[in-house]
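Chain by chain, the residues run as shown.
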Amino acid sequence: MLQNRITDIPGLRVGHATDLRLASGVTAILFDDPVVASVDVRGGGPGTRETDLLDPERTVERIDALVLSGGSAFGLDAAAGVTAWLAEAGRGFPVGGMRVPIVPGAILFDLPNGGDKAWGRYPPYRELGFAAAAAAAADFALGSVGAGTGARTGRLKGGIGSASARVPGTDFRVGALAAVNAFGNATVGDGPHFWAAPFEEGDEFGGLGAPAHVPAEAHAFPMRALPGAATTLAVVATDAALTKAQCRRLAVAAQDGLARALVPAHTPLDGDLVFAVATGAVPLADPVVDLARLGDVAARVLARTVARGVFAATSLPGLAPSPPLAGAGLPPAWRDLYGA
């Protein structure tokens, strides 16, 4: 049964580890079999692990998992926890009689969100990564969980979003997952309408459609301007059979989804990036046209994913909303929902 999640692509599982005291967490995307993958980085302040090996000319062709984490640079430890879990399961790239799990990852900046970050010498993200991998399943929560626990946007609380769609005229399916911690805004001005409204399916993020009028102030530059303090991390997945170079092109095309859902996007203040993975179950009939179709759908699915992440987000128990979120001018129900 389809769930409008990235796990509608067979062979993918997602797990979260959430620490409300920390106001942070980890999300792990595990693959039943190694997948072809690449990445496209557009933000000016990324934090990543093992993304160099995703270049098409690198030796390793496939990966075992991806990790998205809060915690800024401290959160890079999360991938070590996922690696340990995979090693215990006997997964990894064969090297001289041993297996080395291939686990690229990326982090977002959620340090000043009010959580207890006094962890001493050893940040907790390695253990959170292990727990996220152990929790991986086809069904998973959206909103303020995992890597989206302490996330926020320019105006509202951020979180984990996911969506999927069939590719018209083909047998392919595309899914996406995002941890939305954006410098920009997902909604139009102070109202409840999402920038991604033209791409919404059903009422997956409220069903309000586009606003009748877009006020000039909706394009105003956000007040919060701390370099490196915002990032939207995204993964797009397909069951198509793609090479690493084609995955790279899919990630490039999917970046349009961030620009359609967040205003502004890809700034020097963000670390925006998109991973693209392909399970290889369905061959391409036309390597050019089919890839173009996949990229078109991936961009729309990622725009929906971003909106769903913000729509599903909730304020964190015991933590007051941060000053940039206060007084957002939203309807009362939305203020309660987002802690704004």
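Report follows, based on the coordinates. Note that the structure is a prediction, hence the values are computed from the model and not measured. (Residues numbered from 1 in each chain as written. Predicted model: local features only at pLDDT ≥ 70, side-chain atom pairs only at ≥ 80, totals over all residues. Heavy atoms only, no water.)

### Some details on a nonpolar patch on the surface
Nonpolar side chains collect at one region of the surface, where F93, V95 and V100 lie side by side and expose about 220 Å² of accessible area between them. Along the chain, V95 falls in strand β5 (residues 93-95). Given the relative accessible area of 42%, V95 is considered partly exposed. (Patch = residues over 30% accessible without salt bridge, like charges linked within 9 Å, V, L, I, M, F, W, Y side chains within 5 Å. Areas by Shrake-Rupley, 256 points an atom, 1.4 Å probe, with all protein chains shown as cover. Salt bridge = Lys/Arg side-chain N within 4 Å of Asp/Glu carboxyl O. Helix = DSSP H or I, 4+ residues; strand = E, 2+ residues; numbered from the N terminus. Buried < 20%, exposed > 50% of the residue type's maximum accessible area, 1.4 Å probe, protein only.)

### Points about the nonpolar core
Core analysis: the largest hydrophobic core is formed by 40 residues, its most contacted members being V180, V236, L242, L250, V274, L294 and L302. Put simply, the parts of the chain that give this core at least two residues each are β8 (160-166), β9 (173-181), β10 (231-240), α3 (244-261), β11 (273-282) and α4 (289-311). No other element matches α4, which puts ten residues into this core. Discounting chain neighbours no more than four positions away, the residues touching V180 are A151, R152, T153, G158, G159, T231, T232, L262, V306 and V310. With 31 residues, the next largest nonpolar core counts L66, L68, I102 and V235 among its residues. (Core = buried A, V, L, I, M, F, W, Y, C linked by side-chain atoms within 4.5 Å. Contact = heavy atoms within 4.5 Å.)

### Re the packing of aromatic side chains
Summed over the entire model, instances satisfying the criterion amount to four aromatic pairs. For the pair W119 and Y125, a centre-to-centre distance of 5.8 Å together with 85° between the ring planes defines the contact as edge-to-face. On the numbers, 5.2 Å between centres and 70° between planes, the contact of F194 with F205 is edge-to-face. Of this pair, F194 sits in the loop between β9 and β10 while F205 is found in the loop between β9 and β10, placing the two residues eleven residues apart along the sequence. Its relative accessible area of 3% is what places F205 among the buried residues. An aromatic cluster of three or more residues is present, and its members are F74, W119 and Y125. (Phe/Tyr/Trp six-rings, centres within 6.5 Å; stacked < 30°, edge-to-face > 60°.)

### A few points about helix α1 (residues 78-88)
In an α-helix, one turn spans 3.6 residues, which is why side chains three or four residues apart end up on the same side. Looking at α1, one finds that the buried residues are A78, A79, G81, V82, T83, A84 and L86. One or two positions beyond α1, positive phi appears at G90, with a value near 75°.

### Thoughts on unusual backbone geometry
Look at the link from V263 to P264: it is a cis peptide, with omega at -5°. Here P264 lies in the loop between α3 and β11. Despite not being glycine, E50 has its phi angle at roughly 60°, a positive value. Mapped onto the elements, E50 comes out in the loop between β3 (48-49) and β4 (62-69). Residue E50 is classed as partly exposed on the basis of its relative accessible area of 33%.

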